Amino acid sequence: MIGVVKNDIVKLFGTIKSYDDGTFYFDEKYVDGSEYKGPITTSASVVRGVTSFANVVSGKLNIPGEKILGLAKFFLGIGLPGSAKDCFNQIESLSLLENNRIFVPLILSLPSKVLSLTSKDQLKVEVTTVFGSAAPPLRVNLVQVLGSDSKIITTDSKELQFDLDNNVHYLDITPLKIDVGKYSLVFEITLQDSEHETVYTTGGRNTESVVVTGLIKVDKAEIGISENDAGSAESVEKLDLLKDTKVSLSANHLQKLRLSFQLSTPLGRTFKPHQVFLKLKHESKVEHLFVVPGSARQFKIVLDFLGLVEKFYYLSGTYDLELSVGDASMENSFLRALGQLELDLPEAPEKAPRPPAQAVDPLAKFRPQKEIEHIFRVPEKRPLQEVSLAFTGLTLLPFIGFLIGLMRLGVNLKNFPSLPGPAAFASLFHAGIAAVLLLYVLFWVKLDLFTTLKYLSFLGVFLVFVGHRTLSHLSNTTAKQKTA
Amino acid sequence: SSKRSEGARFVRMPKADGDAKLLIQSLNKAYAATPTNLKIIDLYVFFAMVTALVQVGYMGVVGSFPFNSFLSGVLSCIGTAVLAVCLRIQVNKDNKEFKDLPPERAFADFVLCNLVLHLVIINFLG
């Protein structure tokens, strides 16, 4: 029964997957999105099962050490997982691998991957278990040093010395004469006690990459203006590129600007940095960037303004010169202001391209804005007050004419009822009409429609009642007069 | 006899001048015969129209800026004139159509309609 399980475990480990950097992991087939667990959960469950089984079973499980080491590297290499479940699986698997009975993986790591030639750093290497506990006695050899394009630098094996107090292996690399740059270091770990070979797994050869940095020497820097024919009289100035300089040059479109300098590493070889740029910035903030080409001997750039007139948008004036040299392995990367160049270019023809609009300060929209003057509608012209009053008088004239005409016609109040009852009603009728007219005047002056309608409804009902009484009395009187 | 003297004069003076004078005089005579209450109503109508004309003249002088006010004023005059004409038609004893309508009833209608008209006018006056 146990044998069957052991065989199955061996078969299971046959299905393990791997990445190029030596990590091994288990993964399920992706069948269903909701059921898919992912490599972390799958590998963790395998590690859990296999280590628990190995802890209780007698005899050795036939699993190659590199696969155990690969699983350990997988869990170490995923960083800090995003979910709590993945985090738990990672830490639990590593703790189970820390001292399991199959193979205990030993991890080689570099506490610092950047070595400075200037401060004479030593190469330091640590070999520990997955949780950083001390490894058994072992030897670490630096077997190979490979350059950035896999060029082999050294092949003789150098043994690293062991510092017991700090549990670190170290090596002085200055005798190796390694220049600045990026390198791959190949280490080999050998256990001193042969019995530990069945307990620990080291993975044999381990490759780590380091960057060696140093101070780059800049010398023979020169800048000058020359005429258009090659090699004629130049006005050359020597530059000290270790600090900002303030040269003042002037040129027209028939001349050329020359800039040259040399870069060398601490070991004296020519250095080609990642970035070498010369920037010309016009006073109107238009910028032009040039890459300074480098040969085996030096870095040199020649700006022929005759060909650059159109690129510069025909802008004459003062240009600020700036040189920037930078690289990851250069400890003294710099950005230097060189000085100013007065450039005289011909006038732009009509079809010339305009320089691109410069970026507006993005904070400008938060500053006080232009004040907007509101233009009010010009009020209509009104007539003079005297004119208006004159016409008001004119409007009243016909009314006066009406009254005069009434008098001339002999209007009288003879039909006004004399009896007190009907007389009262008649007076109330006239009063009611007068009240309604007064209400209208108030409406015009200050009341609103709803209030007016409210009062009008009361007055209206009253008036209808009173009017009916009065007029029916009048009509009865007239009828009596007719018949009488 | 006055007719004959007018006729004699008629032969001697130019035709058009005499015609116009004759027409106006006969109109005046006829009008004098109308009852007084109708004359009052006619006077009222005349007064309303004159007021309207004054307002139109004012607008012609100073422009129509508060146009709603102008309309309100003019329409009040014309409206009340129209109502007065209606009253006249209904009150006129010679009018066969409204024989059965008592004049007081017509007058009550006139008052009521005027009040409604003036409410609308005041609202529109602004």
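Note that this is a predicted model, so its numbers are computed, not measured. (Residues numbered from 1 in each chain as written. Chains lettered and ligands numbered in written order. Predicted model: local features only at pLDDT ≥ 70, side-chain atom pairs only at ≥ 80, totals over all residues. Heavy atoms only, no water.)

**What to know about the overall build of chain B**
For chain B, the count of helices and strands is 5 helices and 0 strands. Evaluated residue by residue, chain B yields a buried proportion of 30% over its 126 residues. In chain B, the proportion of contacts linking residues at least 24 apart, taken out of those at least 6 apart, comes to 65%. Total accessible area computed for chain B in this model is approximately 8300 Å², and 68% of it derives from carbon and sulfur atoms. (Helix = DSSP H or I, 4+ residues; strand = E, 2+ residues; numbered from the N terminus. Buried < 20%, exposed > 50% of the residue type's maximum accessible area, 1.4 Å probe, protein only. Contact = heavy atoms within 4.5 Å. Areas by Shrake-Rupley, 256 points an atom, 1.4 Å probe, with all protein chains shown as cover.)

**Quick look at the sheet that holds strand β23 (residues 334–344) of chain A**
All names here are of chain A. With mixed pairing, the 5 strands of this open sheet are ordered in space as β17-β23-β22-β19-β20. Pairing within the sheet leaves two strands with one partner each, and these edge strands are β17 (247–252) and β20 (287–291). For this sheet the average axis-to-axis angle between neighbouring strands, irrespective of direction, equals 25°. As paired elements, strand β22 (residues 317–326) and β23 share 9 bridges and run antiparallel to each other. Note on β23: the bridge partner recorded for Glu-322 is Ala-337. (Pairing = 2+ DSSP bridges. Axes fitted to C-alpha atoms, helices over the stretch in contact; angles between N-to-C directions.)

**Comments concerning the layout of surface pockets**
Residue and element names in this part refer to chain A. Computed from the structure, the second largest pocket encloses a volume of approximately 580 Å³. Around the second largest pocket, the lining comprises 23 residues; the ones closest to its centre are Ser-148, Val-180, Gly-181, Lys-182 and Tyr-183. A per-element tally of the lining of the second largest pocket places strand β12 (residues 181–191) first, with 3 residues. Residue composition of the lining of the second largest pocket, grouped by class: 7 nonpolar, 8 polar and 8 charged. (1 Å grid on protein atoms, 1.4 Å probe; cavity = no way out; pocket = protein on both sides within 12 Å on 5 of 7 lines; lining within 4 Å. Points joined across faces, edges and corners; volume = space filled by probe spheres on them. Nonpolar A, V, L, I, M, F, W, Y, C, P; charged D, E, K, R; others polar.)

**What to know about the UniProt feature "transmembrane region" (unreviewed entry) in chain B**
Residue and element names in this part refer to chain B. In this structure's numbering, the residues bearing the UniProt feature "transmembrane region" (unreviewed entry) are residues 43–61, 67–87 and 107–125. When the span residues 67–87 is considered, its composition is 100% helix and 0% strand, and the gap between its end C-alpha atoms is 30 Å. Note that residues 107–125 is 100% helix and 0% strand, and that its end C-alpha atoms are spaced 26 Å apart. (UniProt positions renumbered as here; feature names shortened; annotations may be inferred.)

**A short note on the side chain of A:Ser329**
For A:Ser329, the location among the structural elements is in the loop between β22 and β23. Apart from the residues within four sequence positions on either side, A:Ser329 is in contact with A:Val180, A:Gly181, A:Val211, A:Val212, A:Thr213, A:Gly214 and A:Phe271.

**Digging into unusual backbone geometry**
Residues and elements named next belong to chain A. The residue Lys-177 is not glycine, and still its phi comes out positive at about 55°. Relative to the helices and strands, Lys-177 is located in the loop between β11 (168–172) and β12. For Tyr-314, which is not a glycine, the phi torsion comes out positive at approximately 60°.

**Description of a nonpolar patch on the surface**
Taken together, the side chains of A:Leu438, A:Val441, A:Leu442, A:Trp444 and A:Val445 make up a nonpolar region of the molecular surface, amounting to roughly 510 Å² of accessible area. For A:Trp444, the location among the structural elements is in helix α7 (residues 420–445). (Patch = residues over 30% accessible without salt bridge, like charges linked within 9 Å, V, L, I, M, F, W, Y side chains within 5 Å. Salt bridge = Lys/Arg side-chain N within 4 Å of Asp/Glu carboxyl O.)

**Points about the packing of helix α8 (residues 449–483) of chain A against helix α5 (residues 103–125) of chain B**
Here α8(A) crosses α5(B) at 165°, and the two axes come no closer than 9 Å. As the angle between them shows, α8(A) and α5(B) are arranged roughly antiparallel. When you trace α8(A) past α5(B), the crossing you get is right-handed. When α8(A) is examined against α5(B), the residues A:Leu449, A:Thr452, A:Leu453, A:Leu456, A:Leu463, A:Leu471, A:Leu474, A:Ser475 and A:Thr478 are found in contact with a partner set consisting of B:Glu104, B:Phe107, B:Ala108, B:Leu115, B:Leu119 and B:Asn123. Counted by class, the contact of α8(A) with α5(B) contains 10 nonpolar, 4 polar and 1 charged residues. (Parallel < 35°, antiparallel > 145°, perpendicular 65-115°, else oblique. Left-handed = near helix turned anticlockwise from the far one by under 90°.)

**Some remarks on the sheet that holds β11(A)**
Residues and elements named next belong to chain A. An order of β4-β6-β11-β10 is seen for the 4 strands of this open sheet, with the pairing classed as antiparallel. Because the sheet does not close on itself, it has two edges, and the strands there are β4 (107–109) and β10 (161–163). Ignoring which end each strand starts from, the neighbouring axes of this sheet average 30° apart. Direction of pairing for β4 relative to strand β6 (residues 122–128): antiparallel, over a ladder of 3 bridges. If you follow Ser-109 over to β6, its bridge partner there is Glu-126.

**As for the confidence of the model for chain B**
Interpretation of the predicted coordinates at a detailed level should be avoided for regions scoring low in pLDDT. Residue and element names in this part refer to chain B. Predicted confidence across chain B gives a mean pLDDT of 83, with 88% of residues reaching 70 or more. No element of chain B has a lower mean pLDDT than helix α1 (residues 2–12), which averages 51, and none a higher one than helix α4 (residues 67–91), which averages 92. The ipTM assigned to the predicted complex is 0.77, against a pTM of 0.53. (pLDDT = per-residue confidence, 0-100.)

**Brief notes about the nonpolar core**
Within the largest apolar cluster, 68 residues are counted, with the highest numbers of intra-cluster contacts made by A:Phe187, A:Phe261 and A:Leu341. Of all the elements, β12(A) adds the most residues to this core, at 5 residues. In terms of domain composition, this core takes at least three residues from each of domain 2 (107–213) and domain 3 (219–346) of chain A. Judged by nonpolar contacts, the second largest core, of 29 residues, contains A:Val466, B:Leu38, B:Phe47 and B:Ala81. (Core = buried A, V, L, I, M, F, W, Y, C linked by side-chain atoms within 4.5 Å. Domains from an automatic or database assignment.)

**What to know about the pattern of salt bridges**
Residues and elements named next belong to chain A. The tally for this structure, following the rule as stated, stands at 10 salt bridges over all chains. A salt bridge links Lys-113 to Glu-208; the shortest N-O distance between them is 3.1 Å. You can see Lys-113 sitting in the loop between β4 and β5 (114–116) and its partner Glu-208 sitting in strand β14 (residues 205–213), a full 95 residues away along the chain. Look at Glu-208 and you get buried, because its relative accessible area is 17%. The network of salt bridges with common partners includes Lys-279, Glu-287 and Glu-322.

**Examining the environment of B:Phe65**
Along the polypeptide, B:Phe65 turns up in the loop between α3 (36–62) and α4. A relative accessible area of 37% means that B:Phe65 is categorised as partly exposed. Setting aside chain neighbours within four positions, we find B:Phe65 in contact with A:Glu380 and A:Arg382.

**Topic: the pairing of strand β19 (residues 275–282) of chain A**
Residues and elements named next belong to chain A. Only one face of β19 is buried: it carries Val-276, Leu-278, Leu-280 and His-282, and the other face, with Gln-275, Phe-277, Lys-279 and Lys-281, is open. Across 8 bridges, β19 lies against β22 in antiparallel orientation. Looking across to β22, one finds that Phe-277 is bridged to Ser-324. Inspection of the sheet shows β19 paired to β20 by 5 bridges, in the antiparallel sense. Looking at β20, one finds that Leu-278 is bridged to Phe-290.

**So, the packing of aromatic side chains**
Applying the stated rule across the entire model yields 17 aromatic pairs over all chains. For the pair A:Phe13 and A:Phe26, a centre-to-centre distance of 5.2 Å together with 90° between the ring planes defines the contact as edge-to-face. Of this pair, A:Phe13 sits in helix α1 (residues 2–14) while A:Phe26 sits in the loop between β2 (24–25) and α2 (39–56), placing them 13 residues apart in sequence. Among the aromatic residues, ring-to-ring pairing joins A:Phe399, A:Phe402, B:Tyr44, B:Phe47, B:Phe107 and B:Phe110 into one connected group. Lying across the ring of A:Phe103, A:Lys60 places its NZ or CZ 4.4 Å from the centre. (Phe/Tyr/Trp six-rings, centres within 6.5 Å; stacked < 30°, edge-to-face > 60°. Lys NZ or Arg CZ within 6 Å of the ring centre and 35° of its normal.)

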